[in-house]
Amino acid sequence: AILSGLVGSEMCIRDSVNSSNNIGLLNNSGSWILQCDSSGNATFTGNVTAYSDARLKTNVNTIDNALDIVDQLRGVSFDWIESGKHSIGVIAQEVEKVLPELVVTQEISTTEHPEEKEVKSVDYGKMVGVLINAIKELKAEVDELKGGK
């Protein structure tokens, strides 16, 4: 392992000994707490969270017409060009038309498309609010059909 630097009491390393080319953080006992492999897959031993404290927010509004929003989204299955691995998800360009705040555009190039300058990614966690409200809207419709139960 090659020591790349210290982050607090954790070590940031690159594991070249096992030919894995993993990078990440080790805790004080030498166990991975964050590991990223050469394919870009990251594994955390703890939870991945995002700030959601009401005290950090302003202009808070309930997401209305969530079913209509979800109806405009398309879940897809696909194969990654680089690895050939099969996966499921959404298409960032399609999501961006409906929920632009969920899409991040980064400047990068890949070996397959060195001319590409922008690659889009989706913040799937932010989709949860829309999905929660869509389920609530469906429940209200079901309750109404059942006679207001």
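Everything quoted here is computed from the prediction, not taken from an experiment.

Caption draft 1: Main features of the overall build of the chain. Broken down by element type, the chain carries 3 helices and 9 strands. Each helix (α) and strand (β) of the chain, taken in turn from the N terminus, gives the series β-β-β-β-β-α-β-β-α-β-β-α. Here the chain displays about 11,500 Å² of accessible surface, and carbon together with sulfur accounts for 54% of that area.

Caption draft 2: Examining the pattern of salt bridges more closely. A complete count under the given rule lists 5 salt bridges for this structure. Here Lys-120 ties to Glu-96 by a salt bridge, and the two come within 3.1 Å at their closest N and O atoms. With Lys-120 in strand β9 (residues 118-122) and Glu-96 in helix α2 (residues 92-98), this residue pair connects regions lying 24 residues apart in the sequence. Classification of Lys-120 by relative accessible area gives partly exposed; the value is 27%.

Caption draft 3: Just the packing of aromatic side chains, in detail. Evaluation of the coordinates by the stated rule reveals 1 aromatic pair. Here Phe-78 and Trp-80 contribute two aromatic rings whose centre-to-centre distance is 5.0 Å and whose plane-to-plane angle is 85°, an arrangement assigned as edge-to-face.

Caption draft 4: Quick peek at unusual backbone geometry. Even without glycine at this site, Asn-59 takes up a positive phi of about 55°. Along the polypeptide, Asn-59 turns up in the loop between β5 (42-44) and α1 (66-71). The class for Asn-59 is exposed, based on a relative accessible area of 65%. Unusually for a residue other than glycine, Asn-65 sits at a positive phi of about 55°. By the element assignment, Asn-65 lies in the loop between β5 and α1.

Caption draft 5: Seen up close, the environment of Val-103. Here Val-103 shows up in strand β8 (residues 103-107). Taking the C-alpha atoms as reference points, Val-103 and Ser-121, separated by 18 residues in sequence, lie 5.7 Å from one another. Not counting residues up to four positions away in its chain, the partners in contact with Val-103 are Ala-92, Val-95, Glu-96, Lys-120 and Ser-121.

Caption draft 6: Geometry of the nonpolar core. Grouped together as the largest cluster of nonpolar side chains are 14 residues, with contacts concentrated most on Leu-73, Val-95, Leu-99 and Met-127. At the level of elements, α1, α2 and α3 (127-145) are the ones that each hand at least two residues to this core. Residues contacting Leu-73, with those up to four places away along its chain left out, are Val-95, Val-98, Leu-99 and Met-127.

Caption draft 7: Expanded view of α3. Between the first and last C-alpha of α3 there are 27 Å, a value that for 19 residues agrees with the 27 Å anticipated at 1.5 Å per step. Those residues of α3 hidden inside the fold are in contact with α1 and β9. Positioned one or two residues after α3, Gly-147 has a phi angle of 95°, which is positive.

Caption draft 8: Fine view of the side chain of Asn-133. Turning to its location among the elements, Asn-133 is positioned in helix α3. A relative accessible area of 13% places Asn-133 in the buried class. Within the structure, the side chain of Asn-133 is placed 2.9 Å from the backbone oxygen of Ile-63, a separation counted as a polar contact.

Caption draft 9: Spatial organisation of the environment of Leu-67. With respect to the secondary-structure elements, Leu-67 resides in helix α1. Along the backbone, Leu-67 and Leu-138 are 71 residues apart, and their C-alpha atoms lie at a distance of 7.7 Å.

Cut-off values and rules
Residues numbered from 1 in each chain as written. Predicted model: local features only at pLDDT ≥ 70, side-chain atom pairs only at ≥ 80, totals over all residues. Heavy atoms only, no water. Helix = DSSP H or I, 4+ residues; strand = E, 2+ residues; numbered from the N terminus. Areas by Shrake-Rupley, 256 points an atom, 1.4 Å probe, with all protein chains shown as cover. Salt bridge = Lys/Arg side-chain N within 4 Å of Asp/Glu carboxyl O. Buried < 20%, exposed > 50% of the residue type's maximum accessible area, 1.4 Å probe, protein only. Phe/Tyr/Trp six-rings, centres within 6.5 Å; stacked < 30°, edge-to-face > 60°. Contact = heavy atoms within 4.5 Å. Core = buried A, V, L, I, M, F, W, Y, C linked by side-chain atoms within 4.5 Å. Expected span 1.5 Å × (residues − 1). Polar contact = N/O pair within 3.5 Å; in protein donor to acceptor, adjacent residues only side chain to side chain.

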